[in-house]
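Chain by chain, the residues:
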There are 2 protein chains.
Amino acid sequence: MKKRDVYLDNMPLDEAKKIFFETLQSAGALTPRSPETIDVRRALGRITAEPVFAKISSPHYHAAAMDGIAIAAKHTFGADEKNPVRLKEGIHFKYVDTGDPLPEGFDSVIMIEEVHPVGNGEVEIIKACSPWDNVRSIGEDIVATELIVPESHRLRPQDLSALLAGGHVEVSVRRKPVVAIIPTGTELVAPGAELKPGDIIESNSAMLAGFVEEWGAKALVTEKVEDDYEKIKEKVKESLEKSDVIIINAGSSAGSEDYTSKCISELGSLIVHGVAIRPGKPVALGIIGEKPILGIPGYPVSAALTMELFAKPMLCMMQGVPVPEPEKLDAVMTRRVVSAIGTEEFLRVKLGRIGDRICASPLSRGAGVITSLVRADGIVRIPALKEGFEAGERVEVELLKKRQEIENTVVIIGSHDITIDLLATEVKKYYQEMNISSAHVGSMGGIMALKRGECHMAGIHLLDPNTGEYNVSYVKRYLPQKSMVLVNLVRRQQGLMVQRGNPKGIKGIQDLKRSDVLFINRQKGAGTRLLLDLKLKELGISPDEVRGYDREEYTHMAVAAAVAGGSADAGLGIMAAASALGLHFIPVSPEEYDLAIPEEYFNLDSVQKMLWVINTAEFKQKVGALGGYDTRDTGRIVYNS
Amino acid sequence: MKKRDVYLDNMPLDEAKKIFFETLQSAGALTPRSPETIDVRRALGRITAEPVFAKISSPHYHAAAMDGIAIAAKHTFGADEKNPVRLKEGIHFKYVDTGDPLPEGFDSVIMIEEVHPVGNGEVEIIKACSPWDNVRSIGEDIVATELIVPESHRLRPQDLSALLAGGHVEVSVRRKPVVAIIPTGTELVAPGAELKPGDIIESNSAMLAGFVEEWGAKALVTEKVEDDYEKIKEKVKESLEKSDVIIINAGSSAGSEDYTSKCISELGSLIVHGVAIRPGKPVALGIIGEKPILGIPGYPVSAALTMELFAKPMLCMMQGVPVPEPEKLDAVMTRRVVSAIGTEEFLRVKLGRIGDRICASPLSRGAGVITSLVRADGIVRIPALKEGFEAGERVEVELLKKRQEIENTVVIIGSHDITIDLLATEVKKYYQEMNISSAHVGSMGGIMALKRGECHMAGIHLLDPNTGEYNVSYVKRYLPQKSMVLVNLVRRQQGLMVQRGNPKGIKGIQDLKRSDVLFINRQKGAGTRLLLDLKLKELGISPDEVRGYDREEYTHMAVAAAVAGGSADAGLGIMAAASALGLHFIPVSPEEYDLAIPEEYFNLDSVQKMLWVINTAEFKQKVGALGGYDTRDTGRIVYNS
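Conventions used here
Throughout this document, residue positions are counted from 1 along each chain, in the order its sequence is written. Lettering for chains starts from A, numbering for ligands starts from 1, and both go in the order in which the items are written. Where totals are concerned, whole chains, interfaces and linings use all residues; where local detail is concerned, this predicted model gives features only for residues with pLDDT of at least 70, and gives and counts side-chain atom pairs only at 80 or more. Water and hydrogen atoms were dropped before computing side-chain values, which therefore reflect all heavy atoms in the structure. Helix numbers and strand numbers start at the N terminus; a helix is a DSSP run of H or I with at least 4 residues, a strand a run of E with at least 2. For the exposure calls, accessible area comes from a 1.4 Å probe over protein chains only, and a residue counts as buried if that area is under 20% of its type's maximum, exposed if over 50%, partly exposed in between. Positive charge is attributed to Lys and Arg, negative charge to Asp and Glu, and no charge count is given to His or to the chain ends. We define a salt bridge as a contact between a side-chain nitrogen of Lys or Arg and a carboxyl oxygen of Asp or Glu at a distance within 4 Å. A 3.5 Å cut-off defines polar contacts: any pair of N or O atoms within that distance qualifies, except that in protein one atom must be a possible hydrogen donor and the other a possible acceptor, and neighbouring residues in sequence count only when both atoms are side-chain atoms. Whether two residues are in contact is decided by their heavy atoms: any pair within 4.5 Å suffices. These domain boundaries are the output of an automatic or database domain assignment. Only residues with pLDDT of at least 70 in both copies contribute their C-alpha atoms to the least-squares superposition of the copies. For two strands to be treated as a pair, DSSP must find no fewer than two bridges joining them. Only the stretch in contact is used when a helix axis is fitted, and all axes are lines through C-alpha atoms; the angle between N-to-C directions ranges over 0 to 180 degrees. The labels follow the angle: roughly parallel below 35 degrees, roughly antiparallel above 145, roughly perpendicular from 65 to 115, and oblique for the rest. In this scheme, a crossing is called left-handed if the near helix is turned counterclockwise away from the far one by less than a right angle; it is called right-handed if the turn is clockwise. Between rings of Phe, Tyr and Trp, where Trp is taken as its six-membered ring, a pair exists when centres lie within 6.5 Å; planes separated by under 30 degrees are stacked, by over 60 edge-to-face, and by other angles tilted. Charges are assigned to positions over rings by a cutoff of 6 Å between ring centre and Lys NZ or Arg CZ, combined with an angular limit of 35 degrees from the ring normal.

**Overview of the side chain of D464 of chain A**
All names here are of chain A. With respect to the helices and strands, D464 occurs in the loop between β31 (457-460) and α11 (472-478). Buried within the structure, D464 lacks any salt-bridge partner; R477 is the closest side chain of opposite charge, at an N-O distance of 4.3 Å. A distance of 2.8 Å separates polar atoms of two side chains, one belonging to D464 and the other to S473. Every residue in contact with D464, bar those within four places of it in the chain, is listed here: E469, S473, Y474 and R477.

Printed below as a string of structure tokens:
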């Protein structure tokens, strides 16, 4: 093991931001670089480097504002229905179209609908007009020397038009800051390469570059650099020539491969290393000359968060534009979340409107779980001095999606089934504005979420050992005060998933008590776990006899992955999960998976649309193709209290 | 004059949208075109054409989640402070860094901070661990076959990273619809060309292309086509080869140069021509084969509005994404607005938070006034069956800017002075998040706006004929119940603006009664008009004796433009306006232009920041450079009640 000589600070976020941005400010690093002059027609979205004043007026001549005849108003005085005034073309009037210059000697326009030709090039009018009627006089829109757009203004389509109309062909805009992104790590391989254990796909720099571009700057991703101090230093020096900001990705933790902070210290100065945030703690912030340099952590969620906290405000300041504030809304936490004192945590949540409130359900808190960021609708900040939130507590959420999308989301909480994912994609085909959000907490978890009003429906498969019937008795027992509808989603086959070729020769539940078989279980409250418990009881096997009974996963796919990865020999789950990962499947029991929907939500427009999609032949056909599903009751109301 | 054979419908907006989109739908025109496969790293902002499922799991091997030692958990059982467990490198443990694969035979990781080397390649630990502690097991983030992103999903930076981590190098996205934009009109000239009367700068297509790009499609602007039916038809046919949508700009009114509707009818079918909206009535909507074709009116505000109403939803549907809803907020109208029954009007407004409400002030309603769209913060819809809004009435505003920008706006209503524009740009240099919004309704208009609580301050220059004092007596008389502060912005010179070289030999106010002098006045309530009235009275001249006394403009610049354009011989105004347009200036009177600020707003953070900028030497120096200003009192509190 190499020597570890890096110690991380644990600086409060506000202090870290203050010291970092103040240091950059006084080093001149936040001053916009020299502007560039570009064609107005290519300036959409760019930031003006100076106020732009009109060079010419618009219109630059007195123009007819209507199709009609140009006249001198005095010739119309006295005209009315009884005393029409007759005018001669060429002498008293000329025909003009909208935009034509007002001919010399005329001061107004009568619209064509009010002009009555009487032959011989003569017309009659029956209404007097005033001077300058229906004329767009010089400068009506823009007067030369007037301000068109101020400095630091992001150019929108209408601004381009106004700049051109004001006589500008070119406009001076802020040069985009160039951000070099240096991926480091010997373990990194390019996307598409053959993977060996320990190889990590270099997927972060696409995200970092995406953020940089969204924030108005230009990203320059270098090839990856292996964990070699001299090579990293060389790449930083080379990148300094071509960019305004350097981002080194990964290598910023206190691990044996950390060279970022050393490199920053040697070439410039390290301002902050280690901030009291979760995720993202090992971020390194520094400056070389007048160029900011950021060591962004390697875990993707840490990377995204530290970019948001430090790179985004920095790049906005460098362009002279305000830092956009995220849209916020109030929500109610659905679950208790415990967070460490002294660290400000950024919790990813799913959101949905249930009745008159927005519910926030926490997603995985792992810094390595990029899908938590893909699936997140918002971020809840847990302040450093707060131990977390209780279930039901009001929280403020910073939105990652538009409010409109949150409002159009159907929230399903409960047992996991792959057909829910399929449904989410099918619904999008017919109703682009709709979203389906699902959280996997097991069937009983779903029932409890319904009871607390945190979802529109629960996906459940709960066998009543007394009656052999599915779901109905649970809904009656746990939700007696609610009018409920049960809609069958699928009938499916539960069974044991074992490694390909079934190397341990497992034949059924009875083999789980074998000492050479390592099991992986589902979490408490999962229908699959209840099924296992029932089957064990039928066979007279105690849970203590099953090795791995206490190791829990939250989805069928996670159980399948554990078996496929060799960390377990068997798990109970659905056939579709086994097929997906190429596992051997030993059927144990068929079961009914229903959606339990309170009557009050059943008639919501979005829920009805979703049920309509479930009933399409296409959906059923796709479910059938997954294997292990029976769609004979799919979409049917199987119970209505 | 050419024959006019085009009659416009006046179809209600909802009906026009219904018939247009239904026709497009049944012709297959809204179906997304064939998808294209592109590199994930270039897919930011693109729309997925199909759901994307993971090809590989992430991690694809059991990985150390911490820097530390990999061990078998069973070797740690029983370890505590009193009974440390000693482990030997190579036999009981191996050092691992974050991301390293878990070596064969080990099932967990102990973080390096909890490992105590004791020499001889041995370490001690004082805490037991459980199997799979600090291990990211296969598929913890993404399990192969799992859904990463659904169809019709706009790819964000984090999605790119997840796609790469899930084994995708390429992704299938919707091809961007290609929109041909054809500017027509013999009068159009390219930006930058020398202008003759009647020439119009071709400025619309930059705006139309900007909208198209912002809505996710690709714009293809053709060269301009003159008003020649065959040439326009040829250009449309040629563009049909290269694009999915055709937009013909201008030529859509019922004027003599209208060929758009004829061309649509001949090549395909005209679905709607003429919609009961203001502005934008003459829009033409049609289809050729399965390609939508839009005749967009030539006036820029009409063009922007009809694009928003028809092109935006169409382009969203063609990409399979929901039409973004504008953010809305409630506001109070500051002025009465009368609108024609039977026409749905889209009124541009400025917005600002005054105390506990948002005030909406209408901007110019002219379809040709592009600056009204540049300056607008939002749009108020006046329904077809409503005659308008009363002052003080609650309205719903569709925002064109972010709510954040509205909240950071200082609203100044009152007399116009060029230094207000200058102030707006100077403030942006120091405070990027701040905006200054000004409306020009004259000094008395400003006082009345303060009385009604519609602005933070009023710009006024009101001479008391009895005392010779400026502003104070007006504030006392009209705002007796408010605590007011008056801050001097500038002292300035008022005078007569006459044409260059003073061809009519005007020497002063007394010449305004000459019959060969045509005057242009300011609106009632303008301080400049009050000054004129006082001067006329002093000279014993009656307003009736002044030709043009009744013709009103709302700003100094508009008066200057009228004189420069030759539609008036003289106007009263400030020296800066005369200098800006190269007019001759005859001084009449110096005056004090103050900002009247209620005490309750004086201490607002934004107002204090603005006052700070007024007091900078740089601002005063720039005001001085305009000519005609005296900054000796600039920024000074001249009155505090």
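**Description of the domain arrangement of chain A**
One can read the domain layout of chain A as domain 1 (13-32 + 177-319), domain 2 (35-58 + 140-174), domain 3 (63-136), domain 4 (330-402) and domain 5 (448-640). A straight line from the C-alpha centre of domain 1 of chain A to that of domain 2 of chain A covers 35 Å.

**Examining the environment of N521 of chain B**
Residues and elements named next belong to chain B. Within the element layout of this structure, N521 appears in strand β33 (residues 519-522). Note on N521: relative accessible area 3%, which makes it buried. Taking the C-alpha atoms as reference points, N521 and T555, separated by 34 residues in sequence, lie 10.0 Å from one another. If sequence neighbours within four positions are ignored, N521 has contacts with R529, L532, G548, Y549, R551, E552, E553 and V559. A distance of 2.9 Å separates a polar side-chain atom of N521 from the backbone oxygen of Y549.

**Considering the relation of the copies chain B and chain A**
Mapping between the two copies of the chain is achieved by a rotation about an axis and a shift along the axis. When chain B is fitted to chain A, the residual RMSD is 0.1 Å, and the transformation amounts to a turn of 180° plus an axial shift of 0.0 Å. Between the two chains, the operation in question is that of a two-fold axis. Taking the C-alpha atom as reference, chain B places E327 of chain B closest to the rotation axis, 5.5 Å from it. Here 100% of the contact residues of chain B are again contact residues in chain A; the copies associate through an equivalent surface.

**What to know about the sheet that holds strand β13 (residues 178-183) of chain B**
All names here are of chain B. One open sheet accounts for six strands, arranged β16-β13-β17-β21-β20-β18; its pairing is mixed. The sheet is open, and its two edges are formed by β16 (218-221) and β18 (269-273), each paired on a single side. Direction aside, the axes of adjacent strands within the sheet are offset by 20° on average. When β18 meets strand β20 (residues 284-288), the two strands line up antiparallel, connected through four bridges. By the bridge assignment, L270 is partnered in β20 with G286. Along the sheet face, helix α5 (residues 260-267) touches β17 (245-249), β18, β20 and β21 (291-296) and points at about 145° away from the line of β18.

**So, the pairing of strand β26 (residues 378-382) of chain A**
Residue and element names in this part refer to chain A. Of all five residues that make up β26, four are buried, and the element is covered over most of its length. The sheet contact formed by strand β24 (residues 344-354) and β26 spans five bridges and is antiparallel. Pairing of V349 across the sheet is with G378, part of β26. Two strands pair when backbone bridges link them, and β26 and strand β28 (residues 394-399) are joined in this way by three bridges, in the antiparallel orientation. Residue pairing for β28: V380 is matched across the bridge by V397.

**Quick word on the packing of helix α4 (residues 229-242) of chain B against α5 of chain B**
Residue and element names in this part refer to chain B. α5 packs onto α4 with a crossing angle of 55° between their chain directions and a minimal axis gap of 10 Å. Put simply, α4 runs oblique to α5. Of the two possible hands of crossing, α4 and α5 adopt the one that is right-handed. Across from Y229, K233, V236 and K237 in α4, the residues of α5 making contact are K262, C263, E266 and L267.

**Looking at the sheet that holds strand β5 (residues 85-88) of chain B**
Residues and elements named next belong to chain B. The strand order across the open sheet formed by three strands is β5-β9-β8, and the pairing between neighbours is antiparallel. Looking at which strands have only one partner, the edges of the open sheet turn out to be β5 and β8 (116-119). Adjacent strand axes in the sheet meet at a mean angle of 35° when their direction is disregarded.

**What to know about the packing of aromatic side chains**
Enumeration according to the criterion identifies 16 aromatic pairs over all chains in this entry. Between the aromatic rings of F20 of chain A and F310 of chain A, the centroid separation amounts to 6.3 Å while the plane-to-plane angle is 80°, which identifies the pairing as edge-to-face. Taken together, the residues span a long stretch of sequence, with F20 of chain A in helix α1 (residues 13-26) and F310 of chain A in helix α6 (residues 300-319) at a distance of 290 residues. Just as F20 of chain A is buried, F310 of chain A falls in that class too. Between F20 of chain B and F21 of chain B, the aromatic rings sit 5.2 Å apart at their centres with planes inclined by 50°, giving tilted as the arrangement. For the pair formed by F20 of chain B and F21 of chain B, the shared burial category is buried. Members of the aromatic cluster, joined through ring pairs, are F20, F21 and F310 of chain A. Looking at R477 of chain B, its charged tip hangs above the ring of Y474 of chain B, at a distance of 5.2 Å from the centre.

**A word on the pattern of salt bridges**
Residues and elements named next belong to chain B. Scanning the entire structure with this criterion turns up 97 salt bridges over all chains. Linking D39 and R41 is a salt bridge whose minimum nitrogen-to-oxygen distance equals 3.0 Å. Given the relative accessible area of 41%, R41 is considered partly exposed. Linking E327 and R403 is a salt bridge whose minimum nitrogen-to-oxygen distance equals 2.7 Å.

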